Amino acid sequence: SQKIEQNSEALNIQEGKTATLTCNYTNYSPAYLQWYRQDPGRGPVFLLLIRENEKEKRKERLKVTFDTTLKQSLFHITASQPADSATYLCALEYGGSQGNLIFGKGTKLSVKP
Amino acid sequence: DTGVSQDPRHKITKRGQNVTFRCDPISEHNRLYWYRQTLGQGPEFLTYFQNEAQLEKSRLLSDRFSAERPKGSFSTLEIQRTEQGDSAMYLCASSLLGGDTDTQYFGPGTRLTVL
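Rules used throughout
- Residues numbered from 1 in each chain as written.
- Chains lettered and ligands numbered in written order.
- Predicted model: local features only at pLDDT ≥ 70, side-chain atom pairs only at ≥ 80, totals over all residues.
- Heavy atoms only, no water.
- Pairing = 2+ DSSP bridges.
- Helix = DSSP H or I, 4+ residues; strand = E, 2+ residues; numbered from the N terminus.
- Axes fitted to C-alpha atoms, helices over the stretch in contact; angles between N-to-C directions.
- Disulfide = S-S within 2.5 Å.
- Contact = heavy atoms within 4.5 Å.
- Buried area = accessible area lost by both parts, 1.4 Å probe.
- Salt bridge = Lys/Arg side-chain N within 4 Å of Asp/Glu carboxyl O.
- Polar contact = N/O pair within 3.5 Å; in protein donor to acceptor, adjacent residues only side chain to side chain.

Caption draft 1: Expanded view of the sheet that holds strand β1 (residues 3-6) of chain A. All names here are of chain A. In space, the five strands of this open sheet follow the order β1-β3-β8-β7-β6, with antiparallel pairing throughout. Each edge of the sheet is formed by a strand with only one pairing partner; in this case those strands are β1 and β6 (56-59). Along the sheet, successive strands turn relative to each other by an average axial angle of 15°, direction set aside. Relative to strand β3 (residues 19-26), β1 runs antiparallel, the two sharing four bridges.

What follows is the structure, given as structure tokens:
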């Protein structure tokens, strides 16, 4: 069965530094992978989607890479701010055109001022 | 675009009672998903609809769970004879088949506590 792992449960960094979160998967080759942000008590909010034929995608201070050989995605937040503190979820599609997602457990990012 | 809404936001019930949750997706979205999320875990897929048709159900969805989307708009998730293990956040998401992305937009969730 598909398995998705996010490298750590928690990541603490200093404001202004770059946060790098890792997502690894096995037993599947997803057509795309997504990253979501989730704040306590709220539903996930979509951030970025990257397709299997894309190596990198950027949105403002966010950057996502997708290495289908390593079966890994990296999620970067540059110039991090305390407001970036949240749990970040990696999700991969596993259903072809169905669009069904399997989520990782998430990494809780804390940015200290 | 008012986003995905869910009602109620919180529900406390006693073991053995039935509960029903409602989800209103983004109006033009034809796909609707239900997920369950427990503390420290990512959302786990339960079921999804394309218009009014329920196309997939997870093995997590025991026979005590039923979901409907009668007119292809809002959806309800019912849990019968609730158990303490059903305590979780129940999330609804919607997406547009054939849209530019396969993005799912999530609602705020319904937090269920079974005493």
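Caption draft 2: A look at the state of the cysteines. Counted according to the given criterion, the structure contains two disulfides over all chains. There is a disulfide in this structure between C23 of chain A and C90 of chain A, and the S-S distance comes to 2.0 Å. Handedness of the C23 of chain A-C90 of chain A disulfide follows from its S-S torsion of about -65°: it is left-handed. Taken together, the positions of C23 of chain A in strand β3 and C90 of chain A in strand β9 (residues 86-93) put the pair 67 residues apart, joining distant regions of the chain. At a sulfur-sulfur separation of 1.8 Å, the disulfide partner of C23 of chain B is C92 of chain B.

Caption draft 3: Geometry of the sheet that holds strand β8 (residues 75-79) of chain B. Residue and element names in this part refer to chain B. The strand order β1-β3-β8-β7 describes an open sheet built from four strands, whose pairing is antiparallel. Edge strands, defined here as strands with exactly one partner in the open sheet, are β1 (5-7) and β7 (65-68). The sheet shows a mean angle of 15° between the axes of neighbouring strands, taken without regard to direction. Sheet topology places strand β3 (residues 19-24) next to β8; five bridges connect them, and they run antiparallel. Note that in β8 the partner of C23 across the bridge is S75.

Caption draft 4: Broad picture of the interface of chain A and chain B. Counting residues at the interface gives 21 residues for chain A, matched by 22 residues for chain B. In this assembly, chain A packs against chain B so that about 1,600 Å² is buried in total across both faces, 44% of it on carbon and sulfur atoms. On the surface where chain A and chain B come into contact, there are zero salt bridges. Our count for the contact surface shared by chain A and chain B stands at two residue pairs in polar contact (both at pLDDT 80 or more). When contributions to the side of chain A that touches chain B are tallied by element, the ones reaching two or more residues are β4 (32-38), β5 (45-51) and β10 (101-103) of chain A. If you tally residues by element for the side of chain A that touches chain B, the top one is β4 of chain A, at four residues.

Without other data, these values stay purely geometric and don't point to any function.
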